[in-house]
Amino acid sequence: MKMARGCRISRYLTAYADNELDERTRRKVDRHIASCDGCASELDSIRASDRIFGAAPKPAVADDRWATFRIDLSQALDEVDREVRRKRARVREARPVYGTYRRRVLATAGAFAAVVFVAVALGPLGLFDQWNRNANECVVDSIETFSAGYTPMFFTSEDPEMTVIWVFADEVEGGVDGEGPGAR
Amino acid sequence: MRRATVALLIIFLLTLLLVPATALAKGEVIVEVISISASSGDDDDDPDSEASVDPKLSGYAGKLRSLFAYTKYEFLASGRIETAFGTPCTFQLPERFSLIVEPERLEESDGRIEMMITLVHEVEGEHEEAHRERDDGRPDSRQEIVLRTRIRLGNGGTVLLGGPPIKGGVLILALSARG
């Protein structure tokens, strides 16, 4: 014989004792009890308890108590509703200006559009050149002179923004003491 | 919500206004040349004294002082010409110098402006042939190409050209180009 502990049918026993099961489940429990001593014993215990409590005297409640009980219950439920509404209001107040999802999306889209606008509209105007160290670099591909007495050269300084193309003239001293450009 | 919509609308309208303007400017180059006279006076014996720079050259003062050893920098003239790629433009400079700048192309890779620069000096009366008068009565003269160079200048950048002697010093040119 099977034991009640671990029987899946045992959870239906209280409802079976109270005659609250549908017909199909009731027949299932009937068949199980016939073969399971544990469940049959537990069912006997449940029925015994029902008999004991059923025989006990019911507590007397005055009619006016029932009336005040309904009012108190209604007031208590109203208070619960009010508290829920207050909590929701506090949550709304605590949200930032751009707290909602739609506003966040709009703010992000606006910022993105502003960046694109600055890059697309102002970039070609050369306004970013000062931020680009390489923007001012100069590459000298060729250098020559067609005049006698001149010698052209070019110099790049440590400052990548400054390239100097210098034409040394034979008859004139350049810079201080004839040192020419880059003397410093 | 409403503010964000208005802000987006304004940005969109500004973009519509500015993008065609930049599109029109594409293919053109603004070339600017500043002529500077650099000299070392006789009374500037102290090599440690700071060179005097014309207030009009304040933007270049630091670079001039750091690059050259002259003691005085004077602003002579400035010119600004808007030209197209492939079209040379000529700047008339002091003392019969002229500078021909021809922007050739804008490099796609790094945005540099490739240009041919020619510094020309009109020589008069230095040689016997030049003393002869032409048929129209004007004194004969010839042009010397003092410098011809091909450079690739960063967009918006500046290159310094200098060296030719002028009265009391040497000529320095600050050439900038923006395409």
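These figures come from a predicted structure and were not determined experimentally.

The rules behind these values
Residues numbered from 1 in each chain as written. Chains lettered and ligands numbered in written order. Predicted model: local features only at pLDDT ≥ 70, side-chain atom pairs only at ≥ 80, totals over all residues. Heavy atoms only, no water. Patch = residues over 30% accessible without salt bridge, like charges linked within 9 Å, V, L, I, M, F, W, Y side chains within 5 Å. Areas by Shrake-Rupley, 256 points an atom, 1.4 Å probe, with all protein chains shown as cover. Salt bridge = Lys/Arg side-chain N within 4 Å of Asp/Glu carboxyl O. Helix = DSSP H or I, 4+ residues; strand = E, 2+ residues; numbered from the N terminus. Buried < 20%, exposed > 50% of the residue type's maximum accessible area, 1.4 Å probe, protein only. Pairing = 2+ DSSP bridges. Expected span 1.5 Å × (residues − 1). Contact = heavy atoms within 4.5 Å. Core = buried A, V, L, I, M, F, W, Y, C linked by side-chain atoms within 4.5 Å. Polar contact = N/O pair within 3.5 Å; in protein donor to acceptor, adjacent residues only side chain to side chain. Axes fitted to C-alpha atoms, helices over the stretch in contact; angles between N-to-C directions. Arc of directions from axis to C-beta. Phe/Tyr/Trp six-rings, centres within 6.5 Å; stacked < 30°, edge-to-face > 60°.

### Examining a nonpolar patch on the surface
Reasoning step 1: Taken together, A:V61, A:W66, A:F69, A:L73 and A:L77 make up a surface patch of nonpolar side chains, about 480 Å² in accessible area.
Reasoning step 2: Within the secondary structure layout, A:L73 lies in helix α4 (residues 63-94).

### Things to note about the pairing of strand β9 (residues 169-178) of chain B
All names here are of chain B.
Reasoning step 1: Summarising burial for β9: 9 of the 10 residues are buried, a large majority.
Reasoning step 2: Two strands pair when backbone bridges link them, and strand β1 (residues 28-39) and β9 are joined in this way by 9 bridges, in the antiparallel orientation. Residue pairing in the sheet places V31 in a bridge with A177 of β9.
Reasoning step 3: As defined by bridge partners, strand β8 (residues 158-166) adjoins β9 across 7 bridges and the pair is classed as antiparallel. The partner of V159 across the bridge, within β9, is L175.

### Points about helix α3 (residues 37-55) of chain A
Residue and element names in this part refer to chain A.
Reasoning step 1: Taking 1.5 Å of rise per residue, the 19 residues of α3 would be expected to cover 27 Å, and the 27 Å separating its terminal C-alpha atoms lies within 8% of that figure.
Reasoning step 2: Looking at α3, one finds that the buried residues are G38, C39, A40, L43 and I46.
Reasoning step 3: Looking at the buried residues of α3, the elements they touch are α1 (13-17) and α2 (23-35).

### A few points about the nonpolar core
Reasoning step 1: By size, the foremost hydrophobic cluster in this structure holds 30 residues, and its most contacted members are B:L93, B:L99, B:M115, B:I151 and B:L175.
Reasoning step 2: Aside from chain neighbours lying at most four places away, what touches B:L99 is B:V33, B:C89, B:T90, B:F91, B:L93, B:I117, B:T118, B:L119, B:L173 and B:L175.

### Some thoughts on the sheet that holds β9(B)
Reasoning step 1: An order of β2(A)-β3(A)-β8(B)-β9(B)-β1(B)-β3(B)-β2(B) is seen for the 7 strands of this open sheet, with the pairing classed as mixed. Strand pairing shows two members of the sheet lacking a second neighbour, β2 (150-156) of chain A together with β2 (52-53) of chain B, which therefore form its edges.
Reasoning step 2: Of the strand pairs in this sheet, β2(B) and strand β3 (residues 72-84) of chain B are connected by 2 bridges, and their pairing is parallel. Paired with B:V53 across the two strands is B:Y73, which belongs to β3(B).

### What about the side chain of B:N155?
Residue and element names in this part refer to chain B.
Reasoning step 1: Along the chain, N155 falls in the loop between β7 (142-153) and β8.
Reasoning step 2: The exposure class assigned to N155 is buried, which follows from its relative accessible area of 19%.
Reasoning step 3: Among the polar contacts made by the side chain of N155, one reaches the main-chain amide nitrogen of G179 at a distance of 2.8 Å.

### Examining unusual backbone geometry
Reasoning step 1: The backbone of A:N19 shows a phi angle near 60°, a positive value even though the residue is not glycine.
Reasoning step 2: In this structure, A:N19 sits in the loop between α1 and α2.
Reasoning step 3: Judged by relative accessible area, A:N19 falls into the exposed class, the value being 54%.
Reasoning step 4: Residue B:E95 is not a glycine yet carries a positive backbone phi of 55°.
Reasoning step 5: As for its placement among the helices and strands, B:E95 is situated in the loop between β4 (89-92) and β5 (97-106).
Reasoning step 6: Judged by its relative accessible area of 38%, B:E95 is partly exposed.

### Observations concerning the sheet that holds strand β1 (residues 138-144) of chain A
Sheets are built from strands that pair by backbone hydrogen bonding, the pairs being arranged parallel or antiparallel.
Reasoning step 1: One open sheet holds the 5 strands; their spatial order is β1(A)-β7(B)-β6(B)-β5(B)-β4(B), and the pairing between them is antiparallel. Edge positions in the sheet fall to β1 of chain A together with β4 of chain B, since each of these pairs with one other strand and no more. Sheet twist, expressed as the mean angle between neighbouring strand axes with direction ignored, is 20°.

### Remarks on α2(A)
For an α-helix, 3.6 residues make a turn, and residues three or four places apart therefore share a direction.
Residues and elements named next belong to chain A.
Reasoning step 1: Given a rise of 1.5 Å per residue, 13 residues ought to cover 18 Å, and the 19 Å separating the end C-alpha atoms of α2 matches this to within 8%.
Reasoning step 2: Among the residues of α2, those classed as buried are T25, V29, H32 and I33. The buried residues of α2 occupy an angular sector of 100° when projected down its axis, which confines them to one face. Looking at α2, the residues exposed on the side facing more than 90 degrees away from the buried face are E23, R24, R31 and A34.
Reasoning step 3: The inward-facing, buried residues of α2 contact α1 and α3.
Reasoning step 4: One side-chain oxygen at the N-terminal end of α2 lies 3.1 Å from the backbone nitrogen of R24; it belongs to D22.

### A short note on the packing of aromatic side chains
Reasoning step 1: What the rule picks out here adds up to 5 aromatic pairs over all chains.
Reasoning step 2: Seen in terms of ring centroids, A:W166 and B:F68 are 5.2 Å apart; in terms of plane orientation they differ by 40°. Their pairing is tilted. Here A:W166 is found in strand β3 (residues 163-169), whereas its partner B:F68 is found in the loop between α2 (61-67) and β3 on a different chain. Comparing A:W166 with B:F68 shows no difference in burial state: the two are buried.
Reasoning step 3: Ring geometry for B:Y70 and B:Y73: centres 6.3 Å apart, planes at 90°, overall edge-to-face. With respect to burial, B:Y70 and B:Y73 carry one shared label: buried.
Reasoning step 4: Chaining the aromatic ring pairs together yields one cluster made of A:W166, B:F68, B:Y70 and B:Y73.

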